[in-house]
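Okay, here's what each chain looks like letter by letter:
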Amino acid sequence: MPTSGTWKLPFKGKFSAYDAASACRVVPPFSVQSLQRNTVVYDPPRCFSTKDRLANPIQHPPPVKFEPSFQTITQFKIDEDSNNNNNNNNLQPYHQIAVRYKKSHSKSKAHEPTAFRRAYTRGDFPLVLTHTARGCKLSWKVPVESLDYYYYLPLLFDGLRETQHPYVFLSVSGIEDLLAKGGSKKILPVVPQLIIPIKAALNTRNVPIMCRTFKSLQLLVKSGEYIGQALVPYYRQLLPIFNLFKNKNLNSGDGIDYHQRFHENIGDLIQETLEILEKRGGPDAFINIKYMIPTYESCIIKKVN
């Protein structure tokens, strides 16, 4: 029989976790240990709702500091032979714990009708949606170069929040046409006006809307010189949503994702957009991206082993 001099025996006392009378470990409430096996959670501090306290201030005493005791711990002790023990029926919980449900950060949010829809319904856009054998096509009544970018481009970016046809097609196709023929002279002065529509589209947290916004943001940065550098001061408004969805990738296992040709994997889109912002954002782009997204690694700076 080993003795305490040759083997390290655990301490046994009145409140020891190794005592035969208390086979379960005592852990604090709302902790990771409470999810483990063979554990007993002691009561959290007393708290009463404000509504009940105001309705019956005399019946409910004020909250007091709770100090766990051995009697309280053993009150909720797991009994293997609970069917034969009738004492458990007399046990009453001290209070009820209200469970509050928090909305997930990835849950989409409802949005109001956009200014783009109101402007299009009013007839402000000089365009016509034509139907051809290859699908829908956007026809402009005036040359695109003669449009007022300061008015039309923010409205088109605001239309990215739409989810119904033909507003989605009109906004996406209109952005592509204006960015393709605008150049830096017309697009660069409008960049500050595009931050609010882009941020509103990203804050919807709707995956299709966010994918369209990321693609339009890539086209915006590539549409002319110095546009990427003009977006650097606005990273604090745009990149927090990037940080939330950066690791949201499709785990297809050993299968094949046939929808990858549509380029709608939000995790890959965010990584690609961040790389484009770093390449075209100038020397201060990476440090600002790293400040908002600490897990981002540079695609330009090489690591030194």
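Details of the structure are given in the entry above.
Residues numbered from 1 in each chain as written. Predicted model: local features only at pLDDT ≥ 70, side-chain atom pairs only at ≥ 80, totals over all residues. Heavy atoms only, no water.

**Quick word on the overall build of the chain**
Helix and strand content of the chain: 12 helices and 4 strands. With 305 residues in all, the chain has 32% of them scored as buried. Within the chain, counting contacts between residues at least 6 apart in sequence, those at least 24 apart form 63% of the total. Summing over all exposed atoms, the chain offers an accessible surface of approximately 20,900 Å²; the carbon and sulfur share of this is 54%. (Helix = DSSP H or I, 4+ residues; strand = E, 2+ residues; numbered from the N terminus. Buried < 20%, exposed > 50% of the residue type's maximum accessible area, 1.4 Å probe, protein only. Contact = heavy atoms within 4.5 Å. Areas by Shrake-Rupley, 256 points an atom, 1.4 Å probe, with all protein chains shown as cover.)

**Some details on unusual backbone geometry**
A cis geometry characterises the amide bond from H165 onward to P166, with omega recorded as 10°. Positive phi values are uncommon outside glycine, yet R205 reaches one of about 60°. By relative accessible area, which is 16% here, R205 ends up buried. At Y226, a position not held by glycine, the phi torsion is positive, near 65°. Relative to the helices and strands, Y226 is located in the loop between α8 (207–222) and α9 (227–230).

**Quick look at the pattern of salt bridges**
A complete count under the given rule lists 4 salt bridges for this structure. Between R117 and E162 there is a salt bridge; the shortest N-O distance is 2.7 Å. In this pair, R117 sits in helix α3 (residues 115–122) while E162 sits in the loop between α4 (149–158) and α5 (167–182), placing the two residues 45 residues apart along the sequence. When its relative accessible area of 21% is taken as the criterion, R117 is described as partly exposed. By relative accessible area, E162 is classed as buried at 3%. For R161, the salt bridge identified is with D158, shortest N-O distance 2.9 Å. Take R161 and D158: they sit in the same class, and that class is buried. (Salt bridge = Lys/Arg side-chain N within 4 Å of Asp/Glu carboxyl O.)

**Some details on α4**
Of all the 10 residues making up α4, 8 are buried; the element is thus mostly covered by neighbouring parts of the structure. Among all positions in α4, only Y149, Y152, L153, P154, L155, L156, F157 and D158 are buried. Contacts made by the buried residues of α4 are with α3, α5, α6 (184–187), α7 (191–203) and α8.

**Here's the deal with the packing of α4 against α5**
Orientation of α4 relative to α5, taken along the N-to-C sense of each, is 140°, at an axis distance of 8 Å. What the angle tells us is that α4 and α5 run oblique. Of the two elements, α4 crosses α5, and the hand of that crossing is left-handed. From α4, Y149, Y152, L153, L156 and F157 reach across to α5, where they touch L170, S171, G174, I175, L178, L179, K181 and G182. Its residues assigned to classes, the contact of α4 with α5 comprises 9 nonpolar, 3 polar and 1 charged. (Axes fitted to C-alpha atoms, helices over the stretch in contact; angles between N-to-C directions. Parallel < 35°, antiparallel > 145°, perpendicular 65-115°, else oblique. Left-handed = near helix turned anticlockwise from the far one by under 90°. Nonpolar A, V, L, I, M, F, W, Y, C, P; charged D, E, K, R; others polar.)

**Concerning α7**
An ideal rise of 1.5 Å per residue puts 18 Å on 13 residues; α7 measures up with 19 Å between its terminal C-alpha atoms. Among the residues making up α7, those that are buried are V191, L194, I195, P197, I198, A201 and L202. For α7, the secondary structure elements touched by its buried residues are α4, α6, α8, α9 and α10 (235–245). (Expected span 1.5 Å × (residues − 1).)

**Structural notes on the packing of aromatic side chains**
Note on aromatic pairs: each is described by the distance of the centres and the angle between the planes. Summed over all chains, the structure comprises 7 aromatic pairs. Note on Y151 and Y152: the rings are 5.0 Å apart at their centroids and 80° apart in plane angle, and the pair reads as edge-to-face. For Y151, a relative accessible area of 34% gives the class partly exposed. One aromatic cluster is present, formed by F116, Y120, F125, Y151, Y152 and Y167 through successive ring pairs. (Phe/Tyr/Trp six-rings, centres within 6.5 Å; stacked < 30°, edge-to-face > 60°.)

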